[in-house]
Amino acid sequence: MRILRLTPEQAVAVTRQLERARAWFATLMDAFREMARRLTRPLAAVVEFLRRYEAAAPLGAATTQRRPAWMSPYGPPIGRHRR
C-alpha cells in the first residue's frame, strides 16, 4: 500500500498518533532510566566490596601460610630422611 496523499484530517490523525507514540516511548525511557539508577547503587557496592576483599587477602597467600607442612595435599616432601 502506498500513500501518496493525505487529507488534512488524516494528516492531523497521523500527527496525533505519532505524538502519542513519542510520549509513550518517553515515559518508557524515563522508567528504564530510573530502574538503571536504582540498580547501580547496589551493584557499585558489590564491586567495591569485591575490590576491597581482593586487595585485603590474595587467594593463595592465606591458605599456604597457615597450613602446616604435614597438611600438604601432595604428602610429605620426597628426599627427606628421618634419623
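Because the structure is predicted, anything quoted here is derived from the model rather than measured. Sequence order as written defines the numbering, with residues in each chain counted from 1. Restriction of local features to residues with pLDDT of at least 70 applies here, the model being predicted, together with a cutoff of 80 or more for giving and counting side-chain atom pairs; totals for whole chains, interfaces and linings are based on all residues. Where side-chain values are given, they derive from all heavy atoms of the structure, hydrogens and water being excluded.

(A) Spotlight on a nonpolar patch on the surface. Patches here are clusters of residues that have more than 30% relative accessible area and form no salt bridge, with a 9 Å joining cutoff for like charges and a 5 Å cutoff for nonpolar side chains (Val, Leu, Ile, Met, Phe, Trp, Tyr). The accessible surface values rely on the Shrake-Rupley method and a 1.4 Å probe; as for residues, cover is taken only from the protein chains in view. Any Lys or Arg side-chain nitrogen located within 4 Å of an Asp or Glu carboxyl oxygen qualifies as a salt bridge. Taken together, the side chains of Trp 24, Phe 25, Met 29, Phe 32, Met 35, Leu 39 and Leu 43 present a nonpolar region at the surface, about 750 Å² in accessible area. Only DSSP runs of H or I covering at least 4 residues are called helices, and only runs of E covering at least 2 are called strands; the numbering of each starts at the N terminus. You can see Phe 25 is positioned in helix H1 (residues 8-56).

(B) Geometry of the packing of aromatic side chains. Only centres within 6.5 Å qualify two rings of Phe, Tyr or Trp (six-membered ring in Trp) as a pair; their planes then separate them into stacked at under 30 degrees, edge-to-face at over 60, and tilted for everything else. Under the definition given, this model contains one aromatic pair. Measuring from ring centre to ring centre gives 6.2 Å for Phe 49 and Tyr 53, while their planes differ by 20°; the resulting arrangement is stacked. On the criterion of helical spacing, the pair formed by Phe 49 and Tyr 53 is a turn pair, its members being four residues apart in helix H1. Relative accessibility thresholds used throughout: buried, under 20% of the residue-type maximum; exposed, over 50%; partly exposed, between the two (1.4 Å probe, protein chains only). We classify Phe 49 as exposed; its relative accessible area is 54%.

(C) Up close: the pattern of salt bridges. Evaluated as defined, the whole model comprises five salt bridges. Arg 22 is the partner of Glu 19 in a salt bridge, and the nearest nitrogen-oxygen pair spans 2.8 Å. Of this pair, Glu 19 and Arg 22 are both found in helix H1, three residues apart, which corresponds to roughly one turn of the helix. Of the residues examined, Arg 22 reaches a relative accessible area of 48% and is grouped as partly exposed. For the salt bridge of Glu 48 with Arg 52, the shortest nitrogen-to-oxygen distance reads 3.1 Å. With a gap of four residues between them, Glu 48 and Arg 52 both fall in helix H1, about one helical turn apart. Since its relative accessible area comes to 59%, Arg 52 is described here as exposed. Counted as one network, the salt bridges with shared partners bring together Glu 34, Arg 37 and Arg 38.

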